[in-house]
Amino acid sequence: MAQQRKARPDTDAVTAKQRDIQRGVKKADEQNNEKSGGAMQAGARKYPEPPFPKQHQPKPGKERALDPRPMFDAPFYKGSEKLKDKVAIITGGDSGIGRAVAILFAREGADVVICHIDEDQDARDTKAAVEAEGRKCLVSKGDVSDPAYCRDAVDATLKAFGKIDILVNNAAFQVHAKGIETLSLEHFDLTLKTNLYGYFLMAQAVIPHLKNGSAIINTGSVTGIDGSKELLDYSMTKGGIHAFTRSLGASLVPRGIRVNCVAPGPVWTPLNPSDKEADMVAEFGSKVPMKRPAQPEELAPAYVFLASEQMSSYITGEILPVVGGY
Ligand code: NAD
């Protein structure tokens, strides 16, 4: 029987085809790179993009001194009574994310108490912005890592407004260190005391006064998910806050109190310009897929969503990343 000869594959033709495809993709990549130069602008208004002016501030940082000034007042956002007649305590509410949250909560019908450690002018600016929304604002100055201060802030809220419906745990301390050997015990201790004890103590002081339908929202961070090599202590607290959210959420289900967390990526607030070197601040936010930091007003709607029983009644123990893409 005559043997059939197997056809040999034409390897040259296959290789030529592979190179054709490779050349096509390279050309498309080059065209895409030319097109995708700038940051993503898909918001209700245009937001600033790096590079920013080089700048550095002493802790805790002043919003008024930032260039460009953070965008926090969301002029395009219309309130619709999602938090009508609620009372909210917002720690770190004088500036940054906390300020933007205070303003949107007020636009949705809530009175707010803002707690802060310093920056009196920032606090006055936020109070004025809340009052411009037609709601009341109480300013409380103190250290959230001090149990006596947390109790005082709660007492002052009850005295002013007679109740508490929402707690936003948001105050934080962040200073980078190059490695574990350069992170002093004092530094480590202050980060944990502010970011973990502060959240725990505020929750412990507020929870006895919350009722069915109340909400707690913690501010976590992308660093609590991805880690950050120069923020060992800070990332550790943020991961802890995520676990605290999930655990407290489960423990408060029987009482009808929801506990959730927003985990921001880079946001243009005093926190990083009062931590990182001026050169790094200039490039802040450039490494995320959207190639720019968020502005505080882009974070605040997530807090409204998690605070309002009209919007998130079936959500508790959740971590909501708002990070500018993956
Ligand atoms: P921010 O500097 O505007 O706010 C931090 C606030 O914490 C300040 O208002 C300050 O008064 C307050 N604070 C600090 N220590 C305190 C203490 N011991 N007692 C009471 N208040 C104290 O910065 P921000 O970026 O708006 O920070 C808000 C939250 O967002 C923080 O929890 C921060 O970790 C988180 N976050 C910020 C970013 C970012 O890129 N800005 C990213 C991820 C998470």
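Residues numbered from 1 in each chain as written. Predicted model: local features only at pLDDT ≥ 70, side-chain atom pairs only at ≥ 80, totals over all residues. Heavy atoms only, no water.

A.B. asks: Quick question: what am I supposed to make of a negative patch on the surface here?
C.D. replies: A contiguous patch of negative charge, built from Asp143, Asp146, Asp152 and Asp155, is present on the exposed surface. Examined against the element boundaries, Asp155 turns out to sit in helix 4 (residues 147-161). (Patch = residues over 30% accessible without salt bridge, like charges linked within 9 Å, V, L, I, M, F, W, Y side chains within 5 Å. Areas by Shrake-Rupley, 256 points an atom, 1.4 Å probe, with all protein chains shown as cover. Salt bridge = Lys/Arg side-chain N within 4 Å of Asp/Glu carboxyl O. Lys, Arg positive; Asp, Glu negative; His and termini not counted. Charge placed at Lys NZ, Arg CZ, Asp CG, Glu CD. Helix = DSSP H or I, 4+ residues; strand = E, 2+ residues; numbered from the N terminus.)

A.B. asks: So what exactly am I meant to see when it comes to the layout of surface pockets here?
C.D. replies: Space left empty within the atom packing is revealed by a probe, the size of a water molecule, rolled over the atoms. Its volume calculated, the second largest pocket comes out at about 180 Å³. Class assignment for the residues of the lining of the second largest pocket results in seven nonpolar, three polar and two charged. (1 Å grid on protein atoms, 1.4 Å probe; cavity = no way out; pocket = protein on both sides within 12 Å on 5 of 7 lines; lining within 4 Å. Points joined across faces, edges and corners; volume = space filled by probe spheres on them. Nonpolar A, V, L, I, M, F, W, Y, C, P; charged D, E, K, R; others polar.)

A.B. asks: How should I be thinking about the site of the ligand in this particular structure?
C.D. replies: Residues in contact with the ligand amount to 30 residues; listed here are only the nearest, Asp94, Ser95, Ile97, Tyr234 and Thr269. The backbone of Gly96 places a nitrogen or oxygen atom 3.4 Å from an oxygen atom of the ligand. Taking Ile117, its main chain carries an N or O atom lying 3.2 Å from an oxygen atom of the ligand. Protein contact buries 96% of the 810 Å² of open area that the ligand shows by itself. (Near = heavy atom within 4 Å. Polar contact = N/O pair within 3.5 Å; in protein donor to acceptor, adjacent residues only side chain to side chain.)

A.B. asks: When you look at unusual backbone geometry in this model, what are you seeing that I'm missing?
C.D. replies: One can expect most non-glycine residues to show negative phi and most peptide bonds to be in trans. A cis amide bond, omega 5 degrees, links Pro50 with the succeeding residue Pro51. Here the bond from Asp67 into Pro68 is cis, since omega is 0 degrees, no more than 30 degrees from zero. Along the chain, Pro68 turns up in the loop between helix 1 (11-35) and strand 1 (87-91). The backbone of Ala74 sits at a positive phi, close to 40 degrees, despite the residue not being glycine. With respect to the element layout, Ala74 can be found in the loop between helix 1 and strand 1.

A.B. asks: Explain the sheet that holds strand 7 (residues 319-322) here, please?
C.D. replies: Pairing between the strands of a sheet is mediated by backbone hydrogen bonds and can be parallel or antiparallel. In spatial order, the strands read 3-2-1-4-5-6-7; together these seven strands make up an open sheet with parallel pairing. Two strands lie at the open edges of the sheet, namely strand 3 (137-141) and strand 7, each paired on one side alone. Ignoring strand direction, the axes of neighbouring strands in this sheet form an average angle of 15 degrees. As paired strands, strand 1 and strand 4 (residues 166-169) are joined by three bridges and run parallel to one another. Across the sheet, residue Ile90 finds its bridge partner in strand 4, namely Val168. Sheet strands touched by helix 5 (residues 185-206): strand 1, strand 2 (111-116), strand 4 and strand 5 (215-219). Its angle to strand 4, the strand with the most contacts, is close to 170 degrees. On the sheet, helix 7 (residues 232-252) packs against strand 5, strand 6 (258-264) and strand 7 and is oriented at approximately 160 degrees with respect to strand 6. (Pairing = 2+ DSSP bridges. Axes fitted to C-alpha atoms, helices over the stretch in contact; angles between N-to-C directions. Contact = heavy atoms within 4.5 Å.)

What is shown is where atoms sit, not what they do.
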